[in-house]
Amino acid sequence: MKYTLLGTAKTRAFRPLWLLEELEVDYEHQPVGPRSDEVRRASPLGKVPVLLADDRAIPDSAAILQFLADRHGAFTFAAGTVERAKQDAWTFRILDELDALLWTAARHSFILPEPARVPAIKDSLKSEFAENLSRITDEIAGPYLLGETMTVPDILLCHCGGWARAAKFPDPPEAFKDYTRTLRAREAYKRASALP
């Protein structure tokens, strides 16, 4: 299996970088930015991350995470099980209730052309994010989302927490900080954090 991951660790490419480190598989990392020539050659979307798996491009961090987890039989429950359905429900919820709000705030901060930005929308996004994160935190089984097994949505949720902190969103609940400390203490997280 040959993997190449396109995207810098300061983007959502951090998510698959972290999982690749957890899986301890060989991969090449190309820390290139969105819309770069390398990314556009791999994916017409021009977005990062892109995983080249056996020379075929897979865009989108969540899709890459689940592909790698399925392919290596780790950090996921088996397809067709109730546990997997619950895992997928968490993945979709995090993408909908947290990631989408962070992405919209980023778009109105520096991604959209300045005339298209609506800076005032960010206060509403921050408020909704805080409410959603509080509800999600109350439902964490511990030590991971689904109990004793770390899965794909744990990577997504922890990354969203870090993204929110960098974007100056409201402080999360103390229980969420405890949850993310457990994840950030993992050696694979530390190795991924050191990547460009």
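Residues numbered from 1 in each chain as written. Predicted model: local features only at pLDDT ≥ 70, side-chain atom pairs only at ≥ 80, totals over all residues. Heavy atoms only, no water.

Concerning the pairing of strand β1 (residues 3-6)
Then, in step 1: Residues Tyr3 and Leu5 line one face of β1 and the alternating positions Thr4 and Leu6 line the opposite face, and both faces are buried.
Then, in step 2: Pairing of β1 with strand β3 (residues 50-53) involves four bridges; the strand directions are antiparallel. In the strand pairing of β3, Leu6 is matched with Val50.
Then, in step 3: As defined by bridge partners, β1 adjoins strand β2 (residues 28-30) across three bridges and the pair is classed as parallel. (Buried < 20%, exposed > 50% of the residue type's maximum accessible area, 1.4 Å probe, protein only. Helix = DSSP H or I, 4+ residues; strand = E, 2+ residues; numbered from the N terminus. Pairing = 2+ DSSP bridges.)

A look at helix α6 (residues 152-166)
Then, in step 1: Under the 1.5 Å per step criterion, the end-to-end length of α6 is 22 Å for 15 residues, consistent within 8% with the ideal 21 Å.
Then, in step 2: When you tally the buried positions in α6, you get 12 out of 15 residues, the bulk of the element.
Then, in step 3: Every buried residue belonging to α6 is among Val152, Pro153, Asp154, Ile155, Leu156, Leu157, Cys158, His159, Cys160, Gly161, Trp163 and Ala164, and all of these are buried.
Then, in step 4: Buried positions along α6 lie against α1 (14-23), α3 (61-72), α4 (82-111), α5 (121-139), α7 (174-184) and α8 (187-193).
Then, in step 5: Phi for Lys168, located one or two positions after α6, is positive at around 65 degrees. (Expected span 1.5 Å × (residues − 1). Contact = heavy atoms within 4.5 Å.)

Description of the pairing of strand β4 (residues 56-59)
Then, in step 1: Strand direction decides the pairing type here: β3 and β4, joined by four bridges, are antiparallel. Opposite Ala53, over in β4, you have Arg56 as the bridge partner.
Then, in step 2: The antiparallel pairing of β3 with β4 creates a hairpin that spans two residues between the two strands, and Asp54 there sits at a positive phi of about 50 degrees.

Things to note about the pattern of salt bridges
Then, in step 1: Tallying each qualifying case throughout the model produces 13 salt bridges.
Then, in step 2: Among the salt bridges present, the one from Arg12 reaches Asp99, with a minimum N-O distance of 2.8 Å. Here Arg12 is found in the loop between β1 and α1, whereas its partner Asp99 is found in helix α4, with 87 residues between them in sequence.
Then, in step 3: Take Asp99: its relative accessible area is 7%, and that puts it in the buried class.
Then, in step 4: When the shortest N-O distance is used, the salt bridge between Arg84 and Asp88 registers 3.1 Å. A residue pair is termed a helical-turn pair when its members lie 3 or 4 positions apart in one helix, as Arg84 and Asp88 do in helix α4 at four residues. (Salt bridge = Lys/Arg side-chain N within 4 Å of Asp/Glu carboxyl O.)

Let's talk about α1
Then, in step 1: Here α1 lies mainly inside the structure; 10 of its 10 residues are buried.
Then, in step 2: For α1, every residue scored as buried is listed here: Phe14, Arg15, Pro16, Leu17, Trp18, Leu19, Leu20, Glu21, Glu22 and Leu23.
Then, in step 3: Glu24, located one to two residues past α1, shows a positive phi value of around 55 degrees.

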